[in-house]
Amino acid sequence: MGLLVALAAVAACQAGAVGAVQIPPQEAEAVVREHTLPDRAAKCGGVESAWRQASTQRDRERLRNWRTTWLDAVARAKAGGGGEAIARDEMLYDPDRALDNPIIPAGNYRCRIIKLGAKRPVNRNFVELPAARCTVGQDDGETWFTVNDGTQRPIGRFFAGPPGRGVFLGTLELGDERLPLEYGVDAKRNMIAYLDRIGEARWRLIVPEPQFDAVAELVEITPER
């Protein structure tokens, strides 16, 4: 199974920064499909282990410690101005909320990125970025995902994960970048996350220890209205 990702040169990003960058879904699909890693996953011993074969050791460590990271990040967010918002939507922040069939069907979606816990004193403990358009597509049995708008745009693949969960493996696109960068080329851009279905048509990505602003990030994914 090839891991398809896209990214470009290193740039600094600030918590809460949002731009007017827009990527047509057809362009995103073309970029994701064009740039692949070698089929390393074929060497592993099962579907669930495909993401382990494709991921870096550092990313596997981040995912292994996700729960400790998540609880710390949510506690900081509650204490730092996000308590009311978190209390209004406990399901979204419940670490144990994971329903069957987590892989998202192909289609157009709305994504909301939430940053939890300040990584540095200049960052805030709770930041909700404006909702963005995002796309899920399928080709050759693989499911790809891309956020199309904003200055911080995850792009990559969904893999089968442990029972009841999926795994997202990809990279982060910043600003007006359009040049592709494969996963593993720049550790600061690599992304790994658990994918959970938390409602009838509602999903989330739990991103432990992202490279920039926050201790953890949450990406809420719902159908485009």
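What you see is a predicted model; the values in this text were computed from it and never measured. (Residues numbered from 1 in each chain as written. Predicted model: local features only at pLDDT ≥ 70, side-chain atom pairs only at ≥ 80, totals over all residues. Heavy atoms only, no water.)

Trainee: Hey, could you go over the confidence of the model for the protein for me, with residue numbers and the actual values?
Mentor: When pLDDT is averaged along the protein, the result is 82, and 78% of the positions lie at 70 or above. Put simply, helix H1 (residues 25-34) is where the protein has its lowest mean pLDDT, 47, and strand S8 (residues 202-208) is where it has its highest, 98. Of the regions scoring below 50 in pLDDT, residues 1-25 engages in 108 contacts with residues more than four places distant in sequence or in other chains. Segment residues 30-45 is flagged for pLDDT under 50; beyond a separation of four residues in sequence, or across chains, it makes 33 contacts in the model. (pLDDT = per-residue confidence, 0-100. Helix = DSSP H or I, 4+ residues; strand = E, 2+ residues; numbered from the N terminus. Contact = heavy atoms within 4.5 Å.)

Trainee: Hey, could you go over the environment of Asn101 for me, with residue numbers and the actual values?
Mentor: Tracing the sequence through the fold places Asn101 in the loop between helix H5 (90-93) and strand S1 (107-118). The exposed category is assigned to Asn101, whose relative accessible area is 62%. Considering only alpha carbons, one finds Asn101 and Pro163, 62 residues apart in sequence, at a separation of 9.3 Å. Contacts of Asn101, omitting those with residues within four sequence positions, involve Arg197 and Trp203. (Buried < 20%, exposed > 50% of the residue type's maximum accessible area, 1.4 Å probe, protein only.)

Trainee: Tell me about the side chain of Asp89, and name the residues and values.
Mentor: Along the chain, Asp89 turns up in the loop between helix H4 (66-88) and H5. Judged by its relative accessible area of 18%, Asp89 falls in the buried class. Ignoring any residue separated from it by four or fewer positions in sequence, one finds Asp89 in contact with Arg112 and Arg202.

Trainee: Please set out helix H3 (residues 57-64) residue by residue, giving values where relevant.
Mentor: Residues Asp59, Arg62 and Leu63 constitute the buried set of H3. The arc enclosing the buried residues of H3, seen along the axis, measures out at 95 degrees, which places them on a common side. Of the residues in H3, the exposed ones pointing more than 90 degrees away from the buried face are Gln57 and Arg64. (Arc of directions from axis to C-beta.)

Trainee: Quick one: what's the story with the pairing of S1, residue by residue and with numbers?
Mentor: The buried count for S1 comes to 9 of 12 residues, which makes it a mostly enclosed element. With 5 bridges connecting them, S1 and strand S3 (residues 132-139) associate as antiparallel partners. By the bridge assignment, Tyr109 is partnered in S3 with Cys134. In the sheet, S1 pairs with strand S9 (residues 214-223) via 9 bridges, with the strands oriented antiparallel. Its bridge partner being in S9, Ile113 is matched across the sheet by Val219. Bridge count between S1 and strand S2 (residues 126-128): 3 bridges; the pairing is antiparallel. If you follow Leu116 over to S2, its bridge partner there is Phe126. (Pairing = 2+ DSSP bridges.)

Trainee: Can you tell me about the nonpolar core, naming the residues and giving the values?
Mentor: Ranked by internal contacts, the top residues of the largest apolar core, which has 27 residues, are Trp70, Tyr93, Ile114, Leu116, Phe126, Val167 and Leu218. Residue assignment for this core shows that the elements contributing at least two residues are helix H2 (50-54), H4, H5, S1, strand S6 (166-174), strand S7 (190-199) and S9. Of the residues forming this core, the biggest block, 7 residues, is contributed by H4. Counting 24 residues, the second-largest nonpolar core is a separate cluster that includes Phe145, Leu172, Met191 and Leu195. (Core = buried A, V, L, I, M, F, W, Y, C linked by side-chain atoms within 4.5 Å.)

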